[in-house]
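Inside the fold
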Amino acid sequence: MTPVDIVLIGRNEGARLIACLDSVQGQARHIVYVDSGSDDDSLHEARKRNAKVVELDMSIPFTAARARNAGFDALEDPELVLFIDGDCVLASGFVEVARDYLNDHPEVGMVTGWRSEIHPEASPYNLLCDWEWHRPPGEIMACGGDMMVRAALWQAVGGMNPQVIAAEDDEICCRFRKSGHTLWRIPSGMTRHDADMLRFGQWWTRAVRTGHGFAQVHHLHPDYFTTECRRAYVYALALPLFAITAAAAWWPFSLPILGVYALNWARSTAGLRRDGIPLTKARYLGFLLTLSKFPNLIGMVQFHLRRLTGRDMRIIEYK
């Protein structure tokens with residue numbers, strides 16, 4: 001039976017890390033926990049559960065990509081590696097299903113499953129995360145940070161890019177595919193995630209981070225995140241400028257622009273309703289999806305300013 005090792009990453013996750021560590025017990029050959037400067041009991045709790053602990057040097061700018069690389073490098077002769085975040089709980093049975101799929105499909109380099117929110121009812125922002133996680137099974141372009149990957153493939157592409165501060169999982173998936181491997185989402189529960197996102201400001205900051213990821217990964221792989229970047233430029237830059245110009249001539253000229261946003265909101269709301277979101281919540285989530293282009297654009301501008309000025313790519317934290 002092909003051995004599976006697990007790499008967890010986290011910082012100050014508290015009870016969420018304990019739940020994560022407990023959920024992976026007995027499901028892997030080795031468990032590595034990579035800590036990014038926690039000042040709670042994370043290190044103690046990980047060692048108490050027989051995880052190998054790696055403490056990152058926090059004098060170097062932190063990224064999740066750097067943490068996952070450190071976790072992989074701490075493994076001995078890995079073959080299959082499951083990466084999950086420390087705010088997730090591993091679903092029982094996923095390791096076996098994912099391992100069997102990779103063993104039966106040698107052309108597949110990485111598999112993922114379904115992630116769901118533990119408390120989608122706690123806030124509309126958690127609910128939006130839960131909706132975003134649920135995507136159809138089958139061949140995919142990329143996935144989030146929860147994934148089981150062949151160690152040989154990870155080594156062949158050189159691991160994650162530690163300079164990518166957001167969407168680092170999308171970026172490595174681009175390189176997985178370009179190496180000739182296919183990527184799959186299998187119809188199996190994988191992890192339960194605790195976003196713990198309860199305030200509008202947290203959602204806004206997360207959307208800024210997402211935009212930074214769009215721009216950075218698109219810069220590295222011009223064929224990826226093209227639509228996402230275009231949407232931000234159109235809805236958060238071109239249309240507002242056009243509306244301001246039109247209003248300066250005669251204010252009614254700007255009204256059709258408002259209609260464009262209303263149409264985008266209506267389409268987003270309809271899509272959420274088709275996925276089973278109740279009407280009142282779908283309307284608000286649709287509003288968030290429409291509004292998200294503005295913080296996305298801010299994040300995209302931040303990336304390009306950092307790139308052009310040579311500043312460090314530092315993480316954008318939302319909780």
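See the structure printed just above.
Now for a quick tour of the structure.

The next point concerns the packing of helix α5 (residues 124–133) against helix α8 (residues 200–220). Orientation of α5 relative to α8, taken along the N-to-C sense of each, is 35 degrees, at an axis distance of 10 Å. Contact with α5, carried on its side by Tyr-125, Leu-128, Cys-129, Glu-132 and Trp-133, involves Phe-200, Trp-203 and Arg-206 of α8 and no other residues of that element.

We now examine helix α12 (residues 293–309). An ideal rise of 1.5 Å per residue puts 24 Å on 17 residues; α12 measures up with 24 Å between its terminal C-alpha atoms. When we look at burial in α12, the residues that qualify are Lys-293, Pro-295, Asn-296, Leu-297, Gly-299, Met-300, Phe-303 and Arg-306. Looking at the buried positions of α12, the neighbouring elements they touch are α8, α9 (226–249), α10 (255–274) and α11 (279–291).

Applying the stated criterion across every chain, the model contains 15 salt bridges. The partner of Arg-49 in a salt bridge is Asp-22, and the shortest N-O contact between them spans 2.6 Å. Separated by 27 residues along the polypeptide, Arg-49 in the loop between α2 (42–48) and β3 (52–55) and Asp-22 in helix α1 (residues 15–24) bring together distant segments of the chain. Residue Arg-49 is classed as buried on the basis of its relative accessible area of 15%. One salt bridge in this structure joins Lys-48 and Glu-45, with 3.4 Å as the shortest N-O distance. On the criterion of helical spacing, the pair formed by Lys-48 and Glu-45 is a turn pair, its members being three residues apart in helix α2. Within the structure, one salt-bridge network assembled from shared partners comprises Arg-68, Asp-85, Arg-115, Asp-146 and Glu-168.

So, about unusual backbone geometry. One non-glycine residue, Asn-12, lies in the positive phi region at around 55 degrees. The class of Asn-12 is partly exposed, set by a relative accessible area of 29%. Positive phi values are uncommon outside glycine, yet Asp-77 reaches one of about 50 degrees. Inspection of the secondary structure puts Asp-77 in the loop between α3 (64–73) and β4 (80–85). Its relative accessible area of 65% is what places Asp-77 among the exposed residues.

Our focus in this paragraph is a nonpolar patch on the surface. Taken together, Trp-250, Trp-251, Phe-253, Leu-255 and Leu-258 make up a surface patch of nonpolar side chains, about 600 Å² in accessible area. The exposed category is assigned to Leu-258, whose relative accessible area is 53%.

It is worth spelling out the environment of Asp-130 at this point. Secondary-structure assignment places Asp-130 in helix α5. Under the relative-accessibility criterion, Asp-130 is labelled buried at 15%. In the structure, Asp-130 is positioned 99 residues away from Ile-31 in sequence and 27 Å away in space, judged by C-alpha atoms. Asp-130 has contacts with Ser-116, Glu-117 and Pro-120, leaving out every residue within four places of it along the chain. Within the local environment of Asp-130, its side chain forms a polar contact with the backbone nitrogen of Glu-117, the two atoms lying 2.7 Å apart.

This brings us to α1. An α-helical segment advances 3.6 residues per turn. Residues three or four places apart therefore align on the same side. All buried positions along α1 are accounted for by Arg-16, Leu-17, Cys-20, Leu-21, Ser-23 and Val-24. Angular distribution of buried residues about the axis of α1 spans 160 degrees; they occupy a single face of the element. Where α1 is buried, its residues touch β1 (4–10), β2 (31–35), α2, β4 and β5 (88–90). At the C-terminal side of α1, Gly-26 shows a positive phi close to 75 degrees.

Right, let's talk about the nonpolar core for a bit. Grouped together as the largest cluster of nonpolar side chains are 50 residues, with contacts concentrated most on Val-34, Met-110, Met-147 and Phe-176. Ranked by residues supplied to this core, first place goes to α3 with five residues. One finds Val-53, Phe-94, Val-95 and Met-148 within the second-largest nonpolar core, a separate group that totals 27 residues.

The rules behind these values
- Here the residue index of a chain counts from 1 through its sequence in written order.
- For this predicted model, a pLDDT threshold of at least 70 governs which residues receive local features, and a threshold of 80 or more governs which side-chain atom pairs are given and counted, while totals over whole chains, interfaces and linings are taken from all residues.
- Hydrogens and water molecules were not included; the side-chain quantities draw on all heavy atoms of the structure.
- In this analysis an axis means a line fitted to C-alpha atoms, helices contributing only their contacting stretch, and an angle means the value between N-to-C directions, from 0 to 180 degrees.
- Segments assigned H or I by DSSP are reported as helices when at least four residues long, segments assigned E as strands when at least two residues long, and all are numbered from the N terminus.
- The contact criterion used throughout is that any non-hydrogen atoms of two residues lie within 4.5 Å.
- Expected span of a helix, by definition, is 1.5 Å for each gap between consecutive residues, and there is one gap fewer than residues.
- Each residue is placed in one exposure class: buried if its accessible area under a 1.4 Å probe, protein chains only, is under 20% of its type's maximum, exposed if it is over 50%, and partly exposed if it falls in between.
- Should a side-chain nitrogen of Lys or Arg be within 4 Å of a carboxyl oxygen of Asp or Glu, the pair is scored as a salt bridge.
- Like charges within 9 Å and nonpolar side chains (Val, Leu, Ile, Met, Phe, Trp, Tyr) within 5 Å are joined into patches, using only residues over 30% in relative accessible area that form no salt bridge.
- We get accessible surface area from the Shrake-Rupley algorithm with a probe of 1.4 Å; when it comes to residues, only the shown protein chains can shield them.
- Under this definition, polar contacts are N or O atom pairs within 3.5 Å; protein pairs additionally need one hydrogen-donor-capable and one acceptor-capable atom, and for neighbouring residues in sequence, both atoms have to be side-chain atoms.
- By definition, the arc is the one covered by directions from the helix axis to the C-beta atoms.
- Each nonpolar core is a collection of buried residues, namely Ala, Val, Leu, Ile, Met, Phe, Trp, Tyr and Cys, held together in the definition by side-chain atoms within 4.5 Å.

What is shown is where atoms sit, not what they do.
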